[in-house]
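Each chain, letter by letter, is given below.
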Amino acid sequence: MKKKSRPANSVPPDSTPPSSPAQPLQARRAEMVPLLVKSIKDYAILLLDKEGKVLTWNAGAERIKGWKANEIIGQHFSRFYPPEDIARGKAEEELRTARDEGRFEDEGWRVRKDGSRFWANVIVTALRDENGQLLGYGKITRDLTERREAEEKIRKQSQEILEMATVPIVQAWEGIVLVPLVGMLDSQRTQQLMERLLHRVTETNSPIALLDITGVPTVDTQTAQHLIETISAVRLLGAEVILTGVRPVIAQTLVHLGIDLSNVLTRSSLAAGLRTALETLNLQVAAKQ
Amino acid sequence: MTAVSQGEIQIATESDILLARRAVREAATQVGFGATDVTRIVTAASELARNTFLYAGRGTMHWTRCELHGREGLELKFVDKGPGIPDISLALQEGYSTGKGLGMGLPGAKRLMDDMDIQSAPGHGTTITVKKWRKT
Amino acid sequence: MSDISVIRVRDLLMVTLPSDPDDATVSALQHQVLEAMQKREPKGVVLDISAVETLDSFFARTVAETAQMVRLMGGRTIIAGMRPAVAITATQIGLTLGKIETALDVDRALEMVARGDGNIGGQK
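The shown structure was predicted, so the numbers you read here are calculated from the model rather than taken from an experiment.

Visitor: Please clarify how the overall build of chain A should be interpreted in this entry.
Guide: When helices and strands are tallied, chain A shows 12 helices and nine strands. A buried classification covers 28% of the 289 residues belonging to chain A. For chain A, the proportion of contacts with a sequence separation of at least 24, taken over those separated by at least 6, is 55%.

Visitor: Help me understand the overall build of chain B, please; the structure alone is not making it clear to me.
Guide: Each helix and strand counted, chain B has four helices and five strands in total. Shown N-terminal to C-terminal, the secondary structure of chain B runs as helices and strands in the order β-α-α-β-β-α-α-β-β. The buried share of chain B, taken over its 136 residues, is 39%. Residue pairs in contact within chain B that sit at least 24 positions apart in sequence constitute 63% of those at least 6 positions apart.

Visitor: Would you explain the confidence of the model for chain A in this entry?
Guide: For residues with low pLDDT, the predicted coordinates do not support detailed interpretation. Residues and elements named next belong to chain A. Per-residue confidence for chain A gives a mean pLDDT of 85; residues scoring 70 or more make up 89%. Element-level mean pLDDT values for chain A span from 44 in helix α1 (residues 2-10) up to 94 in strand β8 (residues 240-244). Within the model, pLDDT remains below 50 along residues 1-16, and this stretch shows seven contacts once partners closer than five positions in the same chain are excluded.

Visitor: I'm lost on the sheet that holds strand β5 (residues 126-133) of chain B in this one. Help?
Guide: Remark on secondary structure: sheet strands pair via backbone hydrogen bonds, oriented parallel or antiparallel. Residue and element names in this part refer to chain B. One open sheet accounts for five strands, arranged β1-β2-β3-β5-β4; its pairing is antiparallel. Looking at strand neighbours, the two that pair on one side only are β1 (6-11) and β4 (115-120), the edges of this open sheet. This sheet shows a mean twist of 15 degrees between the axes of neighbouring strands, independent of strand direction. In this sheet, β5 lies alongside β4 in antiparallel orientation, the contact comprising six bridges. Across the sheet, Asp115 pairs through a bridge with Lys131, a residue of β5. Along the sheet, helix α2 (residues 35-56) makes contact with β1, β2 (59-68), β3 (71-80) and β5, crossing β3 at roughly 15 degrees.

Visitor: Before we go on, may I ask you to explain the packing of α2 of chain B against helix α3 (residues 84-92) of chain C in this structure?
Guide: Working note: a packed helix pair is described by the angle between its axes plus the distance between those axes. Viewed as axis vectors pointing N to C, α2 of chain B and α3 of chain C meet at an angle of 50 degrees, and their least axial separation amounts to 9 Å. When the axes of α2 of chain B and α3 of chain C are compared, the pair comes out oblique. Handedness of the crossing formed by α2 of chain B with α3 of chain C: right-handed. Mapping the contact onto sequence places Ala35, Thr36, Thr39, Arg40 and Thr43 of chain B in α2 of chain B and Ala85, Val86, Ile88 and Thr89 of chain C in α3 of chain C.

Visitor: Help me understand the pairing of strand β3 (residues 44-48) of chain C in this model?
Guide: Taken residue by residue, a regular strand's side chains alternate between the two faces of the sheet. All names here are of chain C. β3 sits mainly inside the fold: five of its five residues count as buried. Judged by which residues are buried, β3 turns out to be covered on both faces: Gly44, Val46 and Asp48 on one side and Val45 and Leu47 on the other are all buried. Pairing between strand β2 (residues 12-16) and β3: five bridges, direction parallel. Note that in β3 the partner of Thr16 across the bridge is Asp48. Handedness of the β-α-β unit built from β2, helix α1 (residues 23-40) and β3 comes out right-handed. Inspection of the sheet shows β3 paired to strand β4 (residues 76-80) by five bridges, in the parallel sense. By the bridge assignment for β4, Asp48 is matched with Ala80.

Visitor: What's the story with the sheet that holds β3 of chain C in this structure? I'm lost.
Guide: Residues and elements named next belong to chain C. Read across the open sheet, the five strands follow the order β1-β2-β3-β4-β5; overall the sheet is mixed. Edge positions in the sheet fall to β1 (5-9) and β5 (101-103), since each has one partner strand and no second. When the angles between neighbouring strand axes are averaged without regard to direction, this sheet yields 25 degrees. As paired strands, β1 and β2 are joined by five bridges and run antiparallel to one another. Residue pairing for β2: Arg8 is matched across the bridge by Leu13. Relative to β4, helix α2 (residues 57-72) is tilted by about 150 degrees, and along the sheet it contacts β3 and β4.

Visitor: So what exactly am I meant to see when it comes to α3 of chain C here?
Guide: The periodicity of an α-helix, 3.6 residues per turn, causes residues three or four positions apart to be oriented the same way. Residues and elements named next belong to chain C. For α3, a buried count of nine out of nine residues is recorded, marking the element as mostly surrounded by other parts of the structure. Taken residue by residue, α3 has Pro84, Ala85, Val86, Ala87, Ile88, Thr89, Ala90, Thr91 and Gln92 as its buried positions. One or two residues past the end of α3 sits Gly94, with phi positive at roughly 90 degrees.

Visitor: What's the story with the interface of chain B and chain C in this structure? I'm lost.
Guide: How big an interface is tends to be stated in terms of the accessible area lost upon association of its parts. Counting residues at the interface gives 22 residues for chain B, matched by 17 residues for chain C. Elements supplying a minimum of two residues to the side of chain B that touches chain C: α1 (14-31), α2 and α4 (105-112) of chain B. With nine residues, the top contributor of residues to the side of chain B that touches chain C is α2 of chain B. Tallied by class, residues from the side of chain B that touches chain C come to seven nonpolar, eight polar and seven charged.

Visitor: Help me understand the interface of chain A and chain C, please; the structure alone is not making it clear to me.
Guide: Tallying the contact residues gives 23 residues for chain A and 19 residues for chain C. Put simply, the parts of the chain that give the side of chain A that touches chain C at least two residues each are α9 (187-204) and α10 (221-237) of chain A. The biggest single contributor to the side of chain A that touches chain C is α10 of chain A, with six residues. Here the residues of the side of chain A that touches chain C sort into 10 nonpolar, eight polar and five charged.

Visitor: Teacher, can you tell me more about the environment of Val219 of chain A here?
Guide: Residue and element names in this part refer to chain A. Topologically, Val219 is positioned in the loop between β7 (208-215) and α10. For the pair Val219 and Ile250, spaced 31 residues apart in sequence, the C-alpha separation works out to 6.5 Å. Residues contacting Val219, with those up to four places away along its chain left out, are Ala224, Ile250, Thr253 and Leu254.

Visitor: Where do I start with the environment of Ala272 of chain A in this structure?
Guide: Residue and element names in this part refer to chain A. Examined against the element boundaries, Ala272 turns out to sit in helix α12 (residues 270-280). By the C-beta count within 10 Å, which is 15 here, Ala272 ends up partly exposed. The spatial distance from the C-alpha of Ala272 to the C-alpha of Ile242 is 10.0 Å, given a sequence separation of 30 residues. If we ignore the near neighbours within four places in the chain, the residues touching Ala272 are Thr244 and Arg267.

Each value, and the rule that gives it
Residues numbered from 1 in each chain as written. Chains lettered and ligands numbered in written order. Predicted model: local features only at pLDDT ≥ 70, side-chain atom pairs only at ≥ 80, totals over all residues. Helix = DSSP H or I, 4+ residues; strand = E, 2+ residues; numbered from the N terminus. Buried ≥ 20, exposed ≤ 12 C-beta atoms within 10 Å, placed from the backbone. Contact = placed C-beta atoms within 7 Å. pLDDT = per-residue confidence, 0-100. Pairing = 2+ DSSP bridges. Axes fitted to C-alpha atoms, helices over the stretch in contact; angles between N-to-C directions. Parallel < 35°, antiparallel > 145°, perpendicular 65-115°, else oblique. Left-handed = near helix turned anticlockwise from the far one by under 90°. Right-handed = clockwise from strand over helix to strand, strands pointing away. Nonpolar A, V, L, I, M, F, W, Y, C, P; charged D, E, K, R; others polar.

Here it is, written out as structure tokens:
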């Protein structure tokens, strides 16, 4: 507060408009603070009594949590917690920490009036008078759901890249290796995968590789090019590739893009591909008599 | 252990192409490239060394270990005083060849390496520099 | 004069290439194979390249041309045992070896010839 008053004090008197003298506004500072708290929409700012019952409510609290002031004042703040947190007494523990250490900070799920959850950053501060007597608590909550979703998306994307690096190359049968592709294929992932597949074909001496694209959401020209390159490389080794899991939407896309896979053995499902592979190896699976 | 960080091979006969390949294989392995990248680099070196021999008759291949932003790599520089390349962009087109190659020499080497730079003027020879960076 | 071994196994020509042949050796390959085709009239040629570490465009072109010539002389050519790194590199620079047949190893190549079938080896 002291800091904020300094610039006002340093203003020369003659620059102040005569209609609004600095002094009265200074005097009304005390009124302004509650106004600020009340009208802030980005943060839920509220006061709790010593037991944790809600004393005040602001615009941000209403926006983030959904309750109107008259619906929530007087209620215990554990209303904002998911059942599992209530069960383990998380709300009480937060107050205890704030009381003993002055402050508590947390990031976690909180519940809105309608029962939906949001990802919150919560700071609880113990409020004491000049004698150190506990008056209650101040609680500031921010809704970080969007940020968390963005982080989650990035995490998921890197996970997908990792998954592709660790796509299993499975020995489906003697002489048949299977690659279940998942996610999008970019050039780096394809390069890695191609290397692993080629080594596996050589190591296991498998004349057939099933490349299953059931888990590939869409195929564009570049992806198709990567697939064709992989298939050519496998053929140079002396093995054949059967592209399986060509769903209707993928077949449509390939034709519309003018991608020619007529030299490639393709099947709509992995099962059909496996059947073709077994036939090629002169094997058959028959029902037990 | 101090590894050799650069070297040079004269390309004057057909069998020097083989010597260039061997030198590059050793250098690339020393830099720590994986088996597939070693094969890529050696194949590119073979194409470029053959180019030098076919079009200029003789020249030199320099190889240098290099570093950029903490990534290690290998640089190969082919220098000759031959007739030069009249149209570089044409020479980089697939299937274009004035000599006995498949027309894949330059474009093939370019695809196998990360960087390619060609300095050439008719009558003033050709310098082709290629680089490959190690994957981290 | 070269490191290439060309031996006749039953009605086939088995050609084994060294790991890093120079251009002269590669050129000699074509000559030796075609000579042997004429003298011994085999059904086909199995080219064992499992030791080959570098397949550049010159080498690939010679192999593709030789296979074409063998075909004109009434035989088939099967390339056996290409290394993964070599296959990746070849694909990247656009070498496809034309219509040449390939096999994972010499054993499967021999089987292909014996069965008279296509690109895919049979299960034993």
